[in-house]
Amino acid sequence: MERLSTTTFIPDTFLGARDDFSMQMGVLWSKIRAPLIVPLLRITIVLCLIMSVMLFIERLYMAIVIVLVKLFGRKPDKRYNWEPMKDDVELGNSAYPMVLVQIPMYNEREVYQLSIGAACGLSWPSDRIIIQVLDDSTDSTVKDMVELECQRWASKGINIKYEIRDNRNGYKAGALKEGMKRSYVKHCDYVAIFDADFQPESDFLCRTIPFLVHNPELALVQTRWKFVNSNECLMTRMQEMSLDYHFTVEQEVGSSTHAFFGFNGTAGVWRIAAINEAGGWKDRTTVEDMDLAVRASLKGWRFVYLGSIKVKNELPSTFKAYRYQQHRWSCGPANLFRKMVMEIIRNKKVSLWKKIHVIYSFFFVRKIIAHINAFVFYCIVLPATVLVPEVVVPKWGGIYIPSIITLLNAVGTPRSIHLLVFWILFENVMSLHRTKATIIGLLEASRVNEWIVTEKLGDALKTLTVAAKLPRKPRIRIGERLHLLELSVGCYLFFCGTYDFAFGKNYFYLFLYIQAMAFYIIGFGYVGTFVPNS
């Protein structure tokens, strides 16, 4: 058979592709770059610069408020009425309000004893407190262990209730809602909530309840988190930096200026009347705590944040657990914003200034813009400019503003200021997942209501019993170890860095290579604590 001519199948303009494919791609690139890529990239840069300015103004505003609060502001016990609870000879223990302590848990094999023990050790008259363990465990062994632990404390005279249900509808929100329906809760005035890995100090109620007792306009007292495993690995140090800024700055600013902030879901005390007036717990998003806080605020209730009270808890130390947690924390607020923005606008009980704060600052800038801009601008658009030299990003937008924002973040954790570079690289990688989750929440797409309980290890890593406690699993699967999204972005950054190294006139490729390496490290699963699967 005669050999067919290549001209039969390949147009003349592409005949040279066999000999010089790169040249043909270069010609194609030059033809689409000017009419399509350049205008599109310029528009994207303008949008990203606008978002960067919005973030910068927000961070600067919060920094100014914090400085003023530290210099001139009064502490919460000065801004609100506060007196310690005192024994009354005539009233006896009835001078103390009835307090419910809820501990929702789900297969918390490693930490259930810590949380139950800490709750049962709270200093409060024994006949004025009820410990309610809401166990949604599906592991029958864990269920038996938790019930046995409750029985052990009950035998010591602690008023503890072990509550279960036959389904997991609504997840944590559903469990809390069911717990509030019990008949004995009608006698309680306040409810303290602690997740399964939280361990409050014994004086927690004595320091928080008086705020609610003496200030009838207050619905919530939120306290700070203290991380017991922050030094476990580099990933937990990065988490500590982000969360410390949240508690040191964001929560403090919200409490000082608007008496509003997002409930953190744990380590807080609610006025039960406020929960009921706001409509109770709802499971329409994965951030039931923030949902309740916003609804209570729209009813006119006020919140106070006590940064001086710290409750010990555990950071997720495996990347898988942290990634699931960040998906929930990013997707939930975006979805709640979608559901509540019009309700907030139409509300007549709060001031216009507070509405602007909730819609613009609390939701739009911090929960949406912050995630999207971090990934799109620093991981997609800026690297793309090395391929399109006609498009230039001003230094104030590409260097100065990000640097100032990063330095402001260091306020929360001064001891980790030397890790700022690692924090930037790590946060840029995580912005990929946060952006994806934010878009899912806004569009209410699949996984919008995904709820995977964050894995806790307790003291397991400090002992040699990890293998005995954790269920046996096959050794590391390729699908669990490799993260294709991170690897794909890493390849894109590496390509841009190589192009800049070959044709660029600056040293931007240094950042691109380092950031690509961060994506590769996380993409191949070399981050966080490794738990043996023996």
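### Quick look at the pattern of salt bridges
1) Next: What the rule picks out here adds up to 17 salt bridges.
2) Next: Between Asp139 and Arg109 there is a salt bridge, with the nearest N and O atoms lying 3.3 Å from each other. Here Arg109 lies in the loop between β1 (99-105) and α3 (112-120) and Asp139 lies in the loop between β2 (129-135) and α4 (140-154), a separation of 30 residues in the sequence.
3) Next: Taking the shortest distance from any N to any O, the salt bridge between Asp244 and Arg224 comes out at 3.4 Å. Here Asp244, found in helix α7 (residues 234-257), pairs with Arg224, found in strand β5 (residues 218-227); they are 20 residues apart in sequence, far enough to count as distant. Neither residue differs from the other here; Asp244 and Arg224 are each classed as buried.

### Points about a nonpolar patch on the surface
1) Next: Taken together, the side chains of Leu60, Ile64, Val67, Leu68, Leu71 and Phe72 make up a nonpolar region of the molecular surface, amounting to roughly 610 Å² of accessible area.
2) Next: By secondary structure assignment, the location of Val67 is in helix α1 (residues 21-71).

### Focus on the state of the cysteines
A disulfide bridge is the covalent bond that connects two cysteines by way of their sulfur atoms.
1) Next: Within the structure shown, the criterion is met by zero disulfides.
2) Next: Cys120 forms no disulfide, and the closest cysteine sulfur to it belongs to Cys150, at a distance of 7.4 Å.
3) Next: The class for Cys120 is buried, based on a relative accessible area of 9%.

### A short note on helix α10 (residues 319-346)
1) Next: The end-to-end C-alpha distance of α10, which contains 28 residues, comes to 41 Å, matching closely the 40 Å that a straight helix rising 1.5 Å per residue would cover.
2) Next: Of all the bends found along α10, the most pronounced is centred on Met340 and spans about 50°.

### Things to note about the side chain of Lys367
1) Next: Structurally, the position occupied by Lys367 is in helix α11 (residues 352-384).
2) Next: Glu250 provides the closest opposite charge to the buried, salt-bridge-free Lys367, at an N-O distance of 5.2 Å.
3) Next: Other than its neighbours up to four places away in sequence, Lys367 contacts Met290, Pro333, Phe362 and Thr438.

### Some remarks on the nonpolar core
1) Next: Counting 92 residues, the largest nonpolar core has Val101, Ile116, Trp270 and Phe303 as the members making the most contacts within it.
2) Next: Other than its neighbours up to four places away in sequence, Ile116 contacts Ile103, Met105, Val133, Val146, Glu149, Cys150, Trp153 and Ile160.
3) Next: Of all hydrophobic cores here, the second largest spans 51 residues; its members include Leu55, Phe426, Phe519 and Val527.

### Focus: the sheet that holds β1
1) Next: Ordered in space as β3-β2-β1-β4-β6-β5-β7, the seven strands form an open sheet in which the pairing is mixed. Looking at strand neighbours, the two that pair on one side only are β3 (160-163) and β7 (302-313), the edges of this open sheet. Between one strand axis and the next, the sheet turns by 20° as a mean value, whatever way the strands run.
2) Next: Here four bridges tie strand β4 (residues 190-193) to strand β6 (residues 268-271), and the two strands are oriented antiparallel to one another. Counted as the bridge partner of Tyr190 is Arg271 from β6.
3) Next: Each of β1, β2 and β3 is contacted by α3, which is oriented at about 180° to β1, the strand it contacts most.

### With respect to the packing of helix α12 (residues 395-409) against helix α13 (residues 420-443)
1) Next: At a minimum axis separation of 11 Å, α12 and α13 run at an interaxial angle of 110°. Regarding the angle of α12 to α13, the classification is roughly perpendicular. α12 and α13 meet at a crossing whose hand is right-handed. Touching Thr406, Leu407 and Asn409 of α12 are Leu420, Trp423 and Ile424, all from α13.
2) Next: Tallied by class, the residues present in the contact of α12 with α13 amount to four nonpolar, two polar and no charged.

### Re the packing of aromatic side chains
1) Next: Applying the stated rule across the entire model yields 23 aromatic pairs.
2) Next: Between Trp225 and Trp329, the aromatic rings sit 6.4 Å apart at their centres with planes inclined by 55°, giving tilted as the arrangement. Note that Trp225 is positioned in strand β5 and Trp329 in helix α10, a separation of 104 residues in sequence.
3) Next: By relative accessible area, which is 8% here, Trp225 ends up buried.
4) Next: Judged by relative accessible area, Trp329 falls into the partly exposed class, the value being 30%.

### Here we look at the pairing of β6
1) Next: A two-sided burial pattern is seen for β6, the buried positions comprising Gly268 and Trp270 on one face and Val269 and Arg271 on the other.
2) Next: Bridging between β5 and β6 involves three bridges; their strand directions are antiparallel. Its bridge partner lying in β6, Leu220 is registered against Trp270.

### Some remarks on unusual backbone geometry
1) Next: Located in the positive-phi region is Tyr171, a residue other than glycine, with phi close to 55°.
2) Next: Locating Tyr171 in the fold gives a position in helix α5 (residues 171-180).
3) Next: Positive phi is not limited to glycine here, since Glu444 has a value of about 55°.
4) Next: Assignment of secondary structure puts Glu444 in the loop between α13 and α14 (466-469).

### Describing the side chain of Lys172
1) Next: Mapped onto the elements, Lys172 comes out in helix α5.
2) Next: The class for Lys172 is buried, based on a relative accessible area of 12%.
3) Next: Within the structure, the side chain of Lys172 is placed 2.8 Å from the side chain of Asp195, a separation counted as a polar contact.
4) Next: Setting aside residues up to four positions removed in sequence, Lys172 forms contacts with Pro104, Asp195, Gly265, Glu288 and Trp451.

### Considering the packing of helix α16 (residues 484-503) against helix α17 (residues 508-523)
1) Next: One can describe the packing of α16 onto α17 by two numbers: an axis separation of 8 Å at closest approach and a directional angle of 160°. The angle between α16 and α17 places the two elements in the roughly antiparallel class. Judged by the twist between their axes, the crossing of α16 over α17 is left-handed. Of the residues in α17, those touching α16 at Glu486, Leu487, Val489, Gly490, Cys491, Leu493, Phe494, Cys496, Gly497, Thr498, Asp500 and Phe501 are Phe508, Tyr509, Leu512, Tyr513, Gln515, Ala516, Phe519, Tyr520, Ile522 and Gly523.
2) Next: A per-class count over the contact of α16 with α17 returns 15 nonpolar, five polar and two charged.

Criteria and cut-off values
- Residue numbering note: each chain is counted from 1, following its sequence as written.
- It should be noted that, the model being predicted, local features are given only for residues of pLDDT at least 70 and side-chain atom pairs only at 80 or more, the latter also being counted only at that level, while totals for whole chains, interfaces and linings use all residues.
- To obtain the side-chain values, all non-hydrogen atoms of the structure were used and water was disregarded.
- Salt bridges are counted wherever a side-chain nitrogen of Lys or Arg sits within 4 Å of a carboxyl oxygen of Asp or Glu.
- In DSSP terms, a helix is any run of H or I states spanning at least four residues, a strand is any run of E spanning at least two, and both are numbered starting from the N terminus.
- Throughout, exposure labels follow a simple rule: accessible area from a 1.4 Å probe, protein chains only, divided by the maximum for the residue type, with under 20% read as buried, over 50% as exposed, and the rest as partly exposed.
- Residues enter a patch when their relative accessible area is above 30% and they make no salt bridge; the linking distance is 9 Å between like charges and 5 Å between nonpolar side chains (Val, Leu, Ile, Met, Phe, Trp, Tyr).
- Surface accessibility in these figures is a Shrake-Rupley result with a 1.4 Å probe; residues are shielded only by whichever protein chains are displayed.
- Whenever a pair of cysteine sulfur atoms sits within 2.5 Å, that pair is classed as a disulfide.
- The span you would expect from a helix comes to 1.5 Å times its residue count less one.
- The seven residues ending at a residue and the seven starting there each receive a fitted axis; the angle between those axes is the bend at that residue.
- All tallies of charge rest on Lys and Arg as positive and Asp and Glu as negative; His and the ends of each chain are not included.
- In this analysis, two residues are considered to be in contact whenever any of their non-hydrogen atoms come within 4.5 Å of each other.
- What makes a nonpolar core is a set of buried Ala, Val, Leu, Ile, Met, Phe, Trp, Tyr and Cys residues whose side-chain atoms join them at distances within 4.5 Å.
- Strand pairing is assigned whenever DSSP detects at least two bridges linking the two strands.
- To obtain each axis, a line is fitted to C-alpha atoms, and for helices this fit is confined to the stretch in contact; angles are then taken between N-to-C directions over 0 to 180 degrees.
- With respect to orientation, any angle under 35 degrees is reported as roughly parallel, any angle over 145 as roughly antiparallel, any angle of 65 to 115 as roughly perpendicular, and every other angle as oblique.
- Each crossing is labelled by how the near helix is turned from the far one, with a counterclockwise turn of less than a right angle marking it left-handed and a clockwise turn marking it right-handed.
- Classification used: nonpolar for Ala, Val, Leu, Ile, Met, Phe, Trp, Tyr, Cys and Pro, charged for Asp, Glu, Lys and Arg, polar for all others including Gly.
- Put simply, two rings from Phe, Tyr or Trp (the six-membered ring, in Trp's case) pair if the centres are within 6.5 Å, and we call them stacked under 30 degrees between planes, edge-to-face over 60, tilted for the rest.
- Residues adjacent in sequence count toward polar contacts only when both atoms are side-chain atoms; beyond that, a polar contact is any pair of N or O atoms within 3.5 Å, and within protein one must be able to donate a hydrogen and the other to accept it.

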